[in-house]
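Breakdown of the fold
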Amino acid sequence: MKHITRVLPASTILCYIHAVMKRLLNLLGTSLLIFSFATAAVHAQDTRAAEIAQQQAEKAKQLEANLPSKGERFLNWLQAHSNDPSTMYTTFGGMYPSAGFAPGIAYRDAFGGARFNAGVGWSFKNYKLAQGSLGWPDLFGDKLEVHTRVRWTDATQVPFYGVGNDSVKDDRVNYGLKALEAGGSATLKPWWWYRLGGGVAYRRYEDREGSGSHPSIETTPLIVPGLFSEARYTQTTAFTAIDCRESPGYTRSGGLYSVTFNDYNDSNDVYGFRRVDVDLQQMVPLLKEQWVLAFRGLVAMTDAADNQIVPYYLLPNLGGSRRHRGYSDFRFQDRNLLLVSGEYRWMPSRIVDMALFVDAGKVTSDRSDLDFNDLKMGYGIGVRIHGPTLTPVRIDVAHSDEGWRIHLTGGLPF
Amino acid sequence: MKKLFCAALAVASLTFAASAQKPRFYSDDPISASPSTQDASRVGAKEVNLAYDAGLNLFMDPGDPNMNRRAMSINTVDEVPDSMWFTNRILGGQRMSVEDVAKGPDTSAGPAAGKWTIASGKSNGVTPGFTILDANEVRWFIKFDPPDYREMMSGAEATVTKLFHALGYNVPENHVTRLTRDMLVLTERSKVTAPDGSERRLKDVDIDRLLRMAAKDADGSYRVIASRAVEGKPIGPFMYANTRPDDPNDTIPHEHRRELRALRVFSAWTNHVDTKAINSLDTLVQREGRTVVRHYLIDFGSTLGSASVHPREYDEGHEYIVDPGRTLKRMATFGLWIPSWHFIDYPDIPAAGRFTADGFNPVEWLPRIPNPAFIRARPDDTFWGARRVMAFTDEMIRAAVKTGKYTDPAAEKHIADTLIARRDAIGRAWLTNVNPVVDPVLDGGTLKFQNAAIAAGAAKGPTSYEIAWFTFDNATGATSPIGQPSRADGEQANAPEGLPSSAGSFIRVDIKAVNAPQPSWTVPVRAFFKRTGSGWTLVGFERLPDAPAPTGTK
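Values in this document were obtained by computation on a predicted structure and should not be read as measured data. (Residues numbered from 1 in each chain as written. Chains lettered and ligands numbered in written order. Predicted model: local features only at pLDDT ≥ 70, side-chain atom pairs only at ≥ 80, totals over all residues.)

**Overview of the overall build of chain A**
Check the secondary structure of chain A and you find five helices and 18 strands. With 414 residues in all, chain A has 30% of them scored as buried. Nonlocal contacts in chain A, meaning residues at least 24 apart in sequence, comprise 53% of its contacts between residues at least 6 apart. (Helix = DSSP H or I, 4+ residues; strand = E, 2+ residues; numbered from the N terminus. Buried ≥ 20, exposed ≤ 12 C-beta atoms within 10 Å, placed from the backbone. Contact = placed C-beta atoms within 7 Å.)

**Remarks on the overall build of chain B**
Counting its secondary structure elements, chain B contains 13 helices and 19 strands. Taken against the 2.2 N^0.38 rule, which gives 24 Å for 554 residues, the C-alpha radius of gyration of chain B at 25 Å falls within 12% of a compact globule. Projected onto its principal axes, the C-alpha coordinates of chain B cover approximately 80 × 50 × 50 Å. Here chain B holds 554 residues, and the buried ones make up 48% of them. A sequence separation of at least 24 residues applies to 73% of the contacts in chain B between residues at least 6 apart. (Rg over C-alpha atoms; globule rule 2.2 N^0.38 Å.)

**So, the sheet that holds strand S1 (residues 116–121) of chain B**
All names here are of chain B. The sheet built from seven strands is open, its strands ordered S4-S7-S3-S2-S1-S5-S6 with mixed pairing. This sheet does not close on itself; its edge strands, each paired only once, are strand S4 (174–179) and strand S6 (199–201). Neighbour-to-neighbour, the strand axes of this sheet turn through a mean angle of 30 degrees, independent of strand direction. Two elements, S1 and strand S2 (residues 129–133), share four bridges in a ladder whose sense is antiparallel. By the bridge assignment, Gly 121 is partnered in S2 with Phe 130. Each of strand S3 (139–144), S4 and strand S7 (222–228) touches helix H4 (residues 152–167); the most contacted strand, S7, lies at about 30 degrees to it. (Pairing = 2+ DSSP bridges. Axes fitted to C-alpha atoms, helices over the stretch in contact; angles between N-to-C directions.)

**Examining the packing of helix H10 (residues 379–390) of chain B against helix H12 (residues 409–430) of chain B**
Two numbers describe a pair of packed helices, the interaxial angle and the distance between the axes. All names here are of chain B. Running from N to C, H10 and H12 cross one another at 150 degrees; their axes reach a closest spacing of 9 Å. If you check the angle between H10 and H12, you find them roughly antiparallel. Judged by the sense of rotation from one axis to the other, the crossing of H10 with H12 is left-handed. When H10 is examined against H12, the residues Thr 382, Phe 383, Gly 385, Ala 386, Val 389 and Met 390 are found in contact with a partner set consisting of Arg 423, Ile 426, Gly 427 and Trp 430. Among the residues forming the contact of H10 with H12, the class breakdown is six nonpolar, three polar and one charged. (Parallel < 35°, antiparallel > 145°, perpendicular 65-115°, else oblique. Left-handed = near helix turned anticlockwise from the far one by under 90°. Nonpolar A, V, L, I, M, F, W, Y, C, P; charged D, E, K, R; others polar.)

**A short note on unusual backbone geometry**
All names here are of chain B. In the segment running from Asp 29 into Pro 30, the intervening peptide bond is cis, with an omega of -5 degrees. In this structure, Asp 299 is a non-glycine residue whose phi angle is positive, near 65 degrees. Its location among the elements puts Asp 299 in the loop between strand S10 (290–297) and helix H8 (324–332). The class of Asp 299 is buried, set by 27 C-beta atoms lying within 10 Å.

**Focus: the pairing of strand S2 (residues 103–111) of chain A**
Residue and element names in this part refer to chain A. Of the pairings in the sheet, the one linking strand S1 (residues 87–92) to S2 comprises six bridges and is antiparallel in character. Counted as the bridge partner of Tyr 89 is Ala 106 from S2. Pairing analysis gives eight bridges linking S2 to strand S3 (residues 114–122), with the strands arranged antiparallel. Within S3, the position partnered with Arg 108 by the bridge is Asn 117. Following S2, the chain reverses through two residues before pairing antiparallel with S3; Gly 112 in that reversal takes a positive phi of roughly 60 degrees.

**A look at the sheet that holds S10 of chain B**
Read from one edge of the open sheet, three strands run S8-S9-S10 (chain B), paired in antiparallel fashion. This sheet does not close on itself; its edge strands, each paired only once, are strand S8 (233–234) and S10 of chain B.

**Some thoughts on the confidence of the model for chain A**
Averaged over every residue, the pLDDT of chain A is 90; residues scoring 70 or more account for 89%. Note that pLDDT drops below 50 for residues 1–20 of chain A; the model gives that stretch one contact with residues more than four away or on any other chain. (pLDDT = per-residue confidence, 0-100.)

**Some remarks on helix H3 (residues 48–60) of chain A**
Residues three or four positions apart in an α-helix share a direction because the helix packs 3.6 residues into each turn. All names here are of chain A. Compared with the 18 Å implied by 1.5 Å per residue over 13 residues, the 18 Å span of H3 between its first and last C-alpha is a close match. Buried within H3 are the following residues: Arg 48, Glu 51, Ile 52, Gln 55, Gln 56 and Lys 59. Down the axis of H3, the smallest arc covering the buried residues is 135 degrees, so these residues share one side. (Expected span 1.5 Å × (residues − 1). Arc of directions from axis to C-beta.)

**Concerning the pairing of strand S11 (residues 437–443) of chain B**
Residue and element names in this part refer to chain B. One ladder, built from five bridges, connects S11 with strand S12 (residues 446–451); its direction is antiparallel. Note on S12: the bridge partner recorded for Asp 443 is Thr 446. Linkage of S11 to S12, two consecutive antiparallel strands, is achieved through a turn of two residues, within which Gly 444 is found at a positive phi near 65 degrees.

Here it is, written out as structure tokens:
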């Protein structure tokens, strides 16, 4: 107790004393109020009805407006703001992996069935983002989605560790990357569990020296495919997915089985390539969802056209809060990627989930090497605060042969 | 709070001396109705923020810190008089028939046939719906069943409405009925309120979107629950703690209203886990030439096995949505500590949702969010509630369930059987944990009473009671024994010699069980009789005295 008293700040102690006094006052006040209403001027009455009438007459003299408290007013404002389709709002994150804490401001609006969104962000690592989108999310009775977007990113210190599964942590260098994307996509949703769609986009990338505490990329002796290039693409995309999860933001059952084809067509025939992503997820609830076994298998494969190369900054990468939690963002990069994850999730309460997880993955230059040999392993434990359809807070603590990593983020890992 | 304290202190100081002179019983005791004497026309409308209400009850413990205060809305014979909150029905002066229970609050057969004009889209709650004016211009709120669980929400709403009406609450008139898309008419006045509170004109596409969220039958029609707008001008929900500061007739803290404390019993019975403020409604109505506030319970879509848009979650009824102790236990054990509710099986009857009597322990039943009135319910409150639940016959329950219009006979039977089994569990739990002596009558020289627990088959024995007689001074509260306590075999005893004979005199009779199966039965109930003419009239009854205890926690 002595120790506690010493370390507690005076303000905390005063708050505690205030809280205790408030509670005592509350108890005494309530007791007196009840007592007073029960006894107020009753000596003049000789019936119970008259006594009740007297109590009500007494209260009639003390009426106060029934107004929301400050806390309730704040929540009213917050909810109205959150649900307002036409408002300015703040954003956090969603900029680029490795950007760090990235606050931003955005504006959204709704015009009939159309949704407009535009915003900017600036991270503590000097990453910058400007983006705008215009979409029609539920055309033809929610059977069709159409989205258009423009996005400009300037990343200043993206990590690069070399290409391949044997890259070394200490070889890290940083690079800068400017990316511009403008395009549109359409998604057919004939059934709630099935999606089929495609899109076209113009993309331009320009890499440069990196900043930050690590050496810049031009100093590395490692092979860096496409270093200091300016790549311009016409990207075409086609995808199909069976998605029977309860919600993308939170689910205890169902699964996602998706395949995405991308063709990055470089008009200069230097950096053109194709990429296929296969993402398979399955949630298996056990004993009335007391536990959920969650599995994911992710494969990304690139295939460069003749004599063309896949720039290092567009190589599939392993590491980070959604792509192998035992390693940092972009820790492993190569033309092909395999990631398998398993989670044992349990539900301590309706709004808190926990998970023990294992991530294992590898990157390879050759597709035939995508097997379960030489996988990079990581494991850990996580806590997730969630609602019925969203997971606003996720804290995952992971360990790998490169030590411990803590991921404080939102959304499920898969 | 300071203002409240000072006001209370001043009033209490001024009246303390006078209070010593207050008689225990007035000439009109026990009252059968509690009047609302003040004009409440200046009461303002106020909505309650759902998140605020939940947070307040989960983390702040609102209401009187004294967790053991006797209910304050009761009359001198331990009963709740009729009021703008409650009307004695199932145990009222005129006992209800099976038909009365099935009829409930209904004054019509539902929305009038013909075109229904949509007044507005539904902007709150989780269930899709809208407000209509029927062919007779009567306003109704329409809600739909979820597609995968047809009849679940609407059946629960209709059934539980009937039960809660019979229990004594003000409830809306709810009907299971049908609509087709072509019945719905939009006008220029049809509005929808956006989440941010702004209004815009309702369009056909909005209606179509709502209907896509609803269960559609093969013939293209929709089964709906139609809830008639209640009498009066809505002014928002009531809170389950404290009083409405602008309502002069609202003098009793809500957490000390027995009808709200005992709602815990009724909610456990019907699995009404959603007893939060926004599922209540106050309205301004005219009574005896003045405006007063009438208090309703509304929205029974999350009852029985229904959680409105999906079946009840497995933990509902067993845990609060935030339960730090159990949460930490499960966190620390990697989820290997498994509560017993995980092992409860539910029959595969979609219209019934998840509703069963297996594993039902009324005492351990919990709503989603702590309810200040439930937390303060004492054994005399839950006993009062249990008597009302036990007053429902099997036939009454089956008649109420029938109004849910379940097309699956298995669903109707399962829900009725479950309600019957849960009723009996409530009797066993709450009729037995306090001295269950009821209805004392002193007729001539014979005292007669009942044992509610034994009469309901909820307990066995005892067969003997100890009865002590006292004179009672109504002005001072002083008592004096009349002879020695006597022993009675069965629920009847002879009065001793020497009872006062003058009109207006009072006696007190203490009755406790001997060799009772429950220790609580040995705590005597106190009955107070007043000499009126040649007979004795019960004017007071006290099952448990007001025994303010140190502050507790939920």
